[in-house]
Structure formats: structure tokens, C-alpha cells
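What the coordinates show
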Protein chains: 2
Amino acid sequence: MYRIITIGREFGSGGRELGRRLSEKLGFAYYDQEIISEIARRTELSEQYVQSVIEHQPTFSFPIHIGKSFYPAPTPVFDQSMAVYQEQARIIEEMALRSDCVIVGRCGDYILKKYNPFRIFVYADMESKIKRCREKASEEEKMTDKELKQHILGIDKKRSKYYEFYTGHKWGDKLNFDICINTSRTVIKEIVPALAKLFEE
Amino acid sequence: MYRIITIGREFGSGGRELGRRLSEKLGFAYYDQEIISEIARRTELSEQYVQSVIEHQPTFSFPIHIGKSFYPAPTPVFDQSMAVYQEQARIIEEMALRSDCVIVGRCGDYILKKYNPFRIFVYADMESKIKRCREKASEEEKMTDKELKQHILGIDKKRSKYYEFYTGHKWGDKLNFDICINTSRTVIKEIVPALAKLFEE
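Computed from a predicted structure; not experimentally measured.

From N to C terminus, chain A includes eight helices and five strands. Burial status across chain A gives 51% buried among its 201 residues.

With respect to the helices and strands, the residue Arg 134 of chain B is situated in helix α6 (residues 126–135). Considering only alpha carbons, one finds Arg 134 of chain B and Leu 148 of chain B, 14 residues apart in sequence, at a separation of 9.1 Å.

Two faces belong to every sheet, and in a regular strand the side chains alternate between them. Here strand β5 (residues 179–182) of chain A shows two buried faces, one formed by Ile 179 and Ile 181 of chain A and the other by Cys 180 and Asn 182 of chain A. Note: strand β4 (residues 118–123) of chain A against β5 of chain A, four bridges, orientation parallel. Residue Val 122 of chain A lies in a different strand from β5 of chain A, and its bridge partner there is Ile 181 of chain A. Where β5 of chain A and strand β5 (residues 179–182) of chain B come together, three bridges link them in antiparallel fashion. Considered in β5 of chain B, the bridge of Cys 180 of chain A is made with Cys 180 of chain B.

Turning our eyes to something else, we now look at the interface of chain A and chain B. Between chain A and chain B, the residue contacts involve 22 residues of the former and 22 residues of the latter. Taken together, the two surfaces of chain A and chain B that pack against each other cover about 2,000 Å², and 55% of this comes from carbon and sulfur. Across the salt bridge formed by Arg 185 of chain B and Asp 178 of chain A, the nearest N and O atoms sit 2.9 Å from each other. Here chain A is connected to chain B by 17 residue pairs in polar contact (both at pLDDT 80 or more). Sorting the residues of the side of chain A that touches chain B by element identifies β4, β5 and α8 (188–197) of chain A as the ones contributing at least two each.

Attention now moves to the confidence of the model for chain A. All names here are of chain A. The predicted model of chain A has a mean per-residue pLDDT of 85, with 86% of residues at 70 or higher. Overall, residues 60–64 carries pLDDT values under 50, and its contacts beyond four positions in sequence, including any with other chains, amount to eleven contacts. The complex prediction reports pTM at 0.87, with the ipTM value standing at 0.86.

Glancing now at the packing of aromatic side chains. As enumerated under the stated definition, the model contains 16 aromatic pairs over all chains in all. When the ring of Phe 118 of chain A is compared with that of Phe 199 of chain A, the centres are 5.0 Å apart and the planes differ by 85 degrees; the resulting orientation is edge-to-face. Of the two residues, Phe 118 of chain A is situated in strand β4 and Phe 199 of chain A in the segment after α8; the sequence distance between them amounts to 81 residues. Residue Phe 199 of chain A is classed as buried on the basis of its relative accessible area of 9%. Aromatic side chains Phe 165 of chain B and Tyr 166 of chain B sit 5.0 Å apart centroid to centroid with 85 degrees between the ring planes, which places their arrangement in the edge-to-face category.

This part takes up the sheet that holds strand β3 (residues 101–104) of chain A. Overall, mixed pairing links the ten strands, which are arranged β2(A)-β3(A)-β1(A)-β4(A)-β5(A)-β5(B)-β4(B)-β1(B)-β3(B)-β2(B) in an open sheet. For this open sheet the edge positions go to β2 (29–31) of chain A together with β2 (29–31) of chain B, each flanked by a neighbour on one side alone. When the angles between neighbouring strand axes are averaged without regard to direction, this sheet yields 20 degrees. Along the sheet, helix α1 (residues 15–26) of chain B makes contact with β1 (4–9), β2, β3 (101–104), β4 (118–123) and β5 of chain B, crossing β1 of chain B at roughly 165 degrees.

What follows is about the relation of the copies chain A and chain B. With an axial shift of 0.0 Å and an RMSD of 0.0 Å, the rotation relating chain A to chain B amounts to 180 degrees. Between the two chains, the operation in question is that of a two-fold axis. Both copies present the same face, since 100% of the interface residues in chain A are matched by interface residues at the equivalent positions in chain B.

A few words now on the nonpolar core. With 64 residues, the main nonpolar core has Leu 112 of chain A together with Leu 112 of chain B as its most contacted residues. Filtering out sequence-adjacent residues up to four positions away, Leu 112 of chain B remains in contact with Ile 4, Thr 6, Ile 92, Glu 93, Ala 96, Ile 103 and Pro 117 of chain B.

Moving on, we come to the environment of Phe 177 of chain A. Topologically, Phe 177 of chain A is positioned in the loop between α7 (145–167) and β5. Owing to a relative accessible area of 2%, Phe 177 of chain A belongs among the buried residues under this scheme. Separated by 140 residues in sequence, Phe 177 of chain A and Ser 37 of chain A place their C-alpha atoms 27 Å apart. The contacts of Phe 177 of chain A, once residues within four sequence positions are left out, are Asp 109, Arg 119, Ile 120, Phe 121 and Gly 172 of chain A together with Tyr 123 and Asn 182 of chain B.

Let's shift gears to the pattern of salt bridges. Residues and elements named next belong to chain A. Applying the stated rule across the entire model yields 38 salt bridges over all chains. The salt bridge partner of Arg 21 is Glu 17, with a shortest N-O separation of 2.8 Å. Residue Arg 21 and its partner Glu 17 are located together in helix α1 (residues 15–26), separated by four residues, close to a single helical turn. For the salt bridge of Arg 42 with Glu 87, the shortest nitrogen-to-oxygen distance reads 3.4 Å. Pair noted here: Arg 42 is in helix α2 (residues 33–43) and Glu 87 is in helix α4 (residues 76–96), with a separation of 45 residues, a long-range link. With relative accessibility at 11%, the residue Glu 87 sits in the buried group.

Every buried residue of helix α3 (residues 47–54) of chain A is listed here: Val 50, Val 53 and Ile 54 of chain A. Burial along α3 of chain A is one-sided: seen end-on, the buried residues are contained in an arc of 95 degrees.

What counts and how
- Residue positions are given per chain, counting from 1 as you read along its sequence in written order.
- In the order they appear in the text, chains get letters beginning with A and ligands get numbers beginning with 1.
- Reporting in this predicted model follows two pLDDT cut-offs: at least 70 for local features of residues, and 80 or more for side-chain atom pairs to be given and counted; totals over whole chains, interfaces and linings ignore these cut-offs and use all residues.
- For the side-chain quantities, the full set of heavy atoms in the structure was used; hydrogens and water were omitted.
- A helix here means a DSSP run of H or I that spans at least four residues, while a strand means a run of E at least two residues long, and both kinds are numbered starting from the N terminus.
- Relative accessibility thresholds used throughout: buried, under 20% of the residue-type maximum; exposed, over 50%; partly exposed, between the two (1.4 Å probe, protein chains only).
- Here, a strand pair is defined by DSSP locating no fewer than two bridges between the strands.
- Working rule for contacts: check all heavy atoms of both residues, and any pair within 4.5 Å makes them a contact.
- Defined in terms of a 1.4 Å probe, buried area is the accessible area two parts forfeit on being brought together, summed over both.
- Any carboxyl oxygen of Asp or Glu that lies within 4 Å of a side-chain nitrogen of Lys or Arg is treated as forming a salt bridge with it.
- In protein, a polar contact requires one atom able to donate a hydrogen and another able to accept it; more generally it is a pair of N or O atoms within 3.5 Å, and residues adjacent in sequence count only if both atoms are side-chain atoms.
- As a per-residue quantity, pLDDT reports the predictor's confidence and falls between 0 and 100.
- Two rings from Phe, Tyr or Trp (for Trp, the six-membered ring) form a pair when their centres sit within 6.5 Å of each other. Planes less than 30 degrees apart are called stacked, planes more than 60 degrees apart edge-to-face, and all others tilted.
- Fitted lines through C-alpha atoms serve as axes, helices being fitted only where they are in contact, and the angles separating the N-to-C directions of these axes extend from 0 to 180 degrees.
- The least-squares superposition of copies is restricted to C-alpha atoms, and to residues with a pLDDT of at least 70 in both copies.
- Put simply, a nonpolar core is a bunch of buried Ala, Val, Leu, Ile, Met, Phe, Trp, Tyr and Cys residues held in one set by side-chain atoms that sit within 4.5 Å of each other.
- Note: the arc covers the axis-to-C-beta directions of the helix.

Here it is as C-alpha cells:
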């Protein structure tokens, strides 16, 4: 049985950096954008389209976790969202069964529940998320602080809706994680050795 | 400047065990019941009475953090609650300035804010909190599961009210902590070495 670490994260909290560094330290496989690429390859949809589907909650009024076999999918858009989600779940499961791994985002904690993953959630206060976004050279750099805050809140709102739609759980609720890490006052690089120690045999 | 670790915890989550083990591993002083004893000694109130005051929110309708200098204390009971809280704050600060330390509960994270403590919150799901309580031979052992659940919820409700009254913050809100640890699927003894690594120089 391989060891699986899943990472949920608020936008700008450095969850991706933490996941990448942790996987490097442990020698575990790391899956993040790779999941999107693989979905795109298998579904023959573009990566951009897959990304946009994953970032939006399907336009269907019943959450998927409630009686999912009873309600027919009403629209082609919904069909495609569901197809992408199902493909994603399949791919994540395959990845987790292949080797020790770190999986960032994409409901990994829920999809892999039966394999008992170690579930990390990474978060931070708004001030430090803004600071972290500013430090990366990216599209966010042209925004004012106010715009950037709205941008961060907007992305997390989508993540939250997506997660709740597919899992029925509240996104970021600490009871759904084994450990929650606040990066506001932390240098991620410095806490990774301690975190890695949780998994060293 | 000494290193300070504060631990907030849900009743039955093993926060006290985690704090004690962490302090032993690091060679830090450990303060828990010692705080009560010291308040009792200084105020000449009994330990039982101090404990009961600390477990109850003062009967005053304005939270202490709002305009505390404007509202006169209206009752002797309130006076005594405030006196105990202030003595507690003084003692906790003295302890933190004496050596590296681990302080369990009692709004330590808030009282010591200016010293930048590392703030841990320990929590668990109800099932494992009930199990943990059952494993300790204590007054809870005669209770049914339903009674025990009510007992656990009741204690945490008091802690929550107490914390919110004195700090103005929501008890257990992950943004007020640097790390939150779910002990539901964890053997505390096994995660302490990893946690300790966060503080090793």
C-alpha cells in the first residue's frame, strides 16, 4: 500500500510550494497540473477547457453526492463537467495506486478516502496571501490590493463550490483534514523537514 | 527571547498529552494545572473555585475586549472573574518570560500575542474523543455514549464562550493558529518527534 498525501489549499497560501517541496524531500511523486494534462489527453479536450471546467461548479441544481444515480444529467455542459470529474477521479486513483505520492487539490482527499490519505490543508491570512501573490511574477501583479483580494476570494469561492458540489463537505473544514497549516508567519521551506518526518519510516 | 508554544484543544482530543509530550521532547517547561495552582496561591481562593471561575464566562453582558475601561464591573462575581482572569494573564506572562515553555489552554495564545507564540490547536472527531475519554479512568467512564457526547460538547461550549469573551475571537478558528492537528487517526506519541522538529535549532 503506497503512502498518499493530499493537499487542499487556499489560493495564495503556498500550498502548491509546500506540496512540491514535501514530495521532493520524501521522494514521492507529485501531481498537480499533471492531472489536468492527463484528463485533456484522455478526453481530447484542451487543457484550458479542462481547467475551466474544473474551476467551475457544474450548472446543475442537485449536488452530485445526493442521489447521483436518480437524476439524469440535463445539459451537455453538465454532462461534460461530470465526464471531466469522473475522468479526474479515475486518474487520481490510478496515480495513487502507482507509487507514494503528493496530490494537490482536485478533491483528492475525498476521491482517495478509502485509501486513507494523509490530508493537509494549507491556508493563510489575506495579508500574507496578497504578499505571496505579489512575489510571484504573474497576471496578478498589475492588480491593486483591493482587486487582488477580490481575485483571491473569487478563486477560493470557486474551489469551495466545486469541492462542496462533489463531496458534500464544507471546503476547508478542519475536521476533513489531518493537519492544517497556516503559512502566514512561516517560511515554507523551513517547515518541510518537520512535516516530512511524519512520513519517514 | 524564549520560545513559547501555546496549545488550544477540544476536550477529549488529547491536546494536553500532546503538550506534555512535546515539552518533554524539547525540554521546555510545561504549564497547565500549574497555572490554576498559582492563581489560587496568589488570590487565596481555592483551586476548585479558581477552576470553576475559569470554566465559566463571567456573567456580564459586554465582552471584555470591547471598551473594557468604560463599563464598570457590576457584581462581586464579575469582579472576581475579572480578578482571576487578570491574575491568570499576569502569571502566564511571567511563565513565558522565565524560559522556553508550552502553555495549555487558558487563552495563552491571546495573552502572549505580543511575544509571537507558536499556536497549536488540537481537535478530533466526536467518535475518537469519546474513545479517548473512555480510555482514561475518570468520572466520564460511567456515562453512556450519549451522556459523554453531551459532556464533551458542554465543556467545549464553556471553553468557547470563555475564549470568545476574553479575546473577541472565535474559539478554534484555524486563522488564530499556526497549526491545527486532528488526532482522530493519529497516535500522539508518534507525531511528537515531527512536531518537535519545528522548534529544534
